[in-house]
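Observations on the model geometry
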Amino acid sequence: MRGRADEEVTAYVRARYGSLLRTAFLLCGDRGKAEDLVQTTLAKTVVAWPRLQQSDSIDHYVQRVLVNTFITSRRRRCWWEQPLGRLADSPGRDEFLAVEQRDQLRRALDALPARQRAAVVLRFYEDLSEQDTARALGCSVGTVKSLSSRGLQTLRKQWVKADAVADQEVRYV
């Protein structure tokens, strides 16, 4: 019986690892931390696997563990460290616009509080409904709406601010 459970867990991990890693990366903003987050999430899932086999919501459980583990880890002091601003020798904007925009979005996501960031990632990257996002975050639908709204508002402000700075840089070149 134990061998069958191991095979099921292995199949689940193989099927979902990439998606979990992408979501974790968007939450963390760092590939190494994202891999650690997914490992921790999967370790917790393996412990709960016998109980989860009787449930039809394994994915919801795993998303909830992923988000809760991320939010808990953000409360630790090491997450308060902020990276320095752009390097002086950054590549030209014309040639690397897509890369810069992804980096700008990643930095803006990094600046959001953990629960807002989780709500924005789950709603707009994972394309979860408000109800599914609420279930993953362990809160009400109204809370998801307010977290998403505030998060998007902050992202828009950061995007406008970054565009203004980039326009000034172009004028001085």
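Let me sum up the structure you'll find in this document.

Here we look at the packing of aromatic side chains
Counted by the stated rule, this structure contains one aromatic pair. Geometrically, the ring pair formed by Tyr 12 and Trp 49 is tilted, given 5.8 Å between the ring centres and 55° between the ring planes. Residue Tyr 12 is located in helix 1 (residues 2–28), and its partner Trp 49 is located in helix 2 (residues 31–52); the two are separated by 37 residues in the primary sequence. Here the two residues Tyr 12 and Trp 49 agree in accessibility, since each one is buried. For the cation-ring pair, Arg 123 lies above Phe 124, with the distance from its terminal atom to the ring centre recorded as 5.3 Å.

Considering the packing of helix 2 against helix 3 (residues 58–74)
Viewed as axis vectors pointing N to C, helix 2 and helix 3 meet at an angle of 140°, and their least axial separation amounts to 9 Å. Regarding the angle of helix 2 to helix 3, the classification is oblique. For the crossing formed where helix 2 meets helix 3, the hand is right-handed. Across the interface between the two elements, Leu 37, Val 38, Thr 40, Thr 41, Lys 44, Thr 45, Ala 48, Trp 49, Arg 51 and Leu 52 of helix 2 pack against Ile 58, Tyr 61, Val 62, Val 65, Leu 66, Thr 69 and Phe 70 of helix 3. Partitioned by chemical class, the residues of the contact of helix 2 with helix 3 number 11 nonpolar, four polar and two charged.

A look at the environment of Ala 119
Secondary-structure assignment places Ala 119 in helix 5 (residues 114–125). Considered as a pair, Ala 119 and Val 144 are 25 residues apart in the sequence and their alpha carbons are 6.3 Å apart. Excluding residues that lie within four positions of it along the chain, Ala 119 makes contacts with Thr 133, Leu 137, Leu 147 and Ser 148.

Examining the pattern of salt bridges
Per the stated rule, a full pass over the model turns up seven salt bridges. Where Arg 107 meets Asp 103, a salt bridge forms, and the shortest distance between an N and an O atom there is 2.9 Å. Placement of both Arg 107 and Asp 103 in helix 4 (residues 97–111) is noted, with a separation of four residues, approximately one turn of the helix. The shortest N-O distance in the salt bridge between Asp 110 and Arg 117 comes to 2.9 Å. In this structure, Asp 110 and Arg 117 share a single accessibility class: buried. Residues participating in the shared-partner salt-bridge network are Asp 103, Arg 106, Arg 107, Asp 110 and Arg 117.

Conventions adopted
- Residues numbered from 1 in each chain as written.
- Predicted model: local features only at pLDDT ≥ 70, side-chain atom pairs only at ≥ 80, totals over all residues.
- Heavy atoms only, no water.
- Phe/Tyr/Trp six-rings, centres within 6.5 Å; stacked < 30°, edge-to-face > 60°.
- Helix = DSSP H or I, 4+ residues; strand = E, 2+ residues; numbered from the N terminus.
- Buried < 20%, exposed > 50% of the residue type's maximum accessible area, 1.4 Å probe, protein only.
- Lys NZ or Arg CZ within 6 Å of the ring centre and 35° of its normal.
- Axes fitted to C-alpha atoms, helices over the stretch in contact; angles between N-to-C directions.
- Parallel < 35°, antiparallel > 145°, perpendicular 65-115°, else oblique.
- Left-handed = near helix turned anticlockwise from the far one by under 90°.
- Contact = heavy atoms within 4.5 Å.
- Nonpolar A, V, L, I, M, F, W, Y, C, P; charged D, E, K, R; others polar.
- Salt bridge = Lys/Arg side-chain N within 4 Å of Asp/Glu carboxyl O.

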